[in-house]
Amino acid sequence: MMAARILRRALPVVRQARSYADVVSTGPQMSFTFASPTKVFFKEASVKQVDVPTLNGVFGILPAHVPTLQVLRPGVVTIFNDDGSATKYFVQLLVEEAATLDQLDIDAAKANLEQAQSEMSGISDEAGRAAAQISLEAHEAIVKALA
């Protein structure tokens, strides 16, 4: 008993706790690069926040935030600039495409969604159904983004 008490006094107390990140008071908020294979949208730009679509919902990335992992899905990426403005892009991750929302046509998106839904019912093999499901989810996300 006495030995345990002496040992406890001799060992430094290590306490670890997760907490909020420290606030960055000066300089750029966060260096951000966002590109597709055909176009660079942001290159080392200073931004406040980036919201990305994940399987669990929209996830916000902040400067000096606690690291975490998420599974991304097609949807709208929102970039909040230092001046408070926001820019939205639709991203489709599997084919590495990105476009501003004003470049997308709601009528074409709805037609593509209907076509993907009809194609889904006619596919019997597993690989074909998986590809059709990806197409269906991407078109659903585009229509939702434009609604």
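Remember, it's a predicted structure, so these values are computed and weren't measured experimentally. (Residues numbered from 1 in each chain as written. Predicted model: local features only at pLDDT ≥ 70, side-chain atom pairs only at ≥ 80, totals over all residues. Heavy atoms only, no water.)

Student: Describe in detail the pairing of strand 4 (residues 75-81), supporting the description with residues and values.
Tutor: Where burial is concerned, most of strand 4 is hidden: five out of the seven residues are buried. Two elements, strand 2 (residues 40-54) and strand 4, share four bridges in a ladder whose sense is antiparallel. Bridge pairing links D51 to T78 in strand 4. The sheet contact formed by strand 4 and strand 5 (residues 86-92) spans six bridges and is antiparallel. (Buried < 20%, exposed > 50% of the residue type's maximum accessible area, 1.4 Å probe, protein only. Helix = DSSP H or I, 4+ residues; strand = E, 2+ residues; numbered from the N terminus. Pairing = 2+ DSSP bridges.)

Student: Hey, could you go over the environment of A131 for me, with residue numbers and the actual values?
Tutor: Here A131 lies in helix 3 (residues 126-146). In this structure A131 comes out as partly exposed when scored by relative accessible area, which is 46%. The spacing of A131 and M120 is 11 residues in sequence and 9.2 Å in space, taken between C-alpha atoms.

Student: Residue-level account of the nonpolar core, with values.
Tutor: Proteins that are soluble and globular tend to have nonpolar side chains buried together. In terms of nonpolar packing, the biggest core is built from 13 residues, with F32, F34, F42, V47, V50 and I79 touching the most fellow members. Every element with two or more residues in this core is listed here: strand 1 (31-35), strand 2, strand 4 and strand 5. For this core, the element with the most residues is strand 2, which contributes six residues. Other than its neighbours up to four places away in sequence, F32 contacts F42, K43, E44, A45, V47, V50 and I79. Core analysis: the next-biggest nonpolar cluster, separate from the first, contains 10 residues, L113, L136, A141 and V143 among them. (Core = buried A, V, L, I, M, F, W, Y, C linked by side-chain atoms within 4.5 Å. Contact = heavy atoms within 4.5 Å.)

Student: Describe the confidence of the model for the protein chain, and please don't skip the residues or the numbers.
Tutor: Fine structural detail should not be taken from predicted coordinates in areas where pLDDT scores are low. For the protein chain, per-residue confidence averages 78 on the pLDDT scale, and 79% of positions sit at 70 or higher. The lowest-confidence element of the protein chain is helix 1 (residues 2-10), averaging 46 in pLDDT; the highest-confidence one is strand 4, averaging 91. In the predicted structure, residues 1-8 sits below a pLDDT of 50 and forms zero contacts with residues beyond four places in sequence or in another chain. (pLDDT = per-residue confidence, 0-100.)

Student: So, the packing of aromatic side chains: which residues are in play, and what are the values?
Tutor: Each aromatic ring pair is specified by the distance between its two centres and by the angle formed by the two planes. Per the stated rule, a full pass over the model turns up six aromatic pairs. Look at F32 and F34: their rings are 6.1 Å apart centre to centre, the planes differ by 15°, and that puts the pair in the stacked class. On the basis of relative accessibility, which here comes to 13%, the residue F34 falls in the buried class. (Phe/Tyr/Trp six-rings, centres within 6.5 Å; stacked < 30°, edge-to-face > 60°.)

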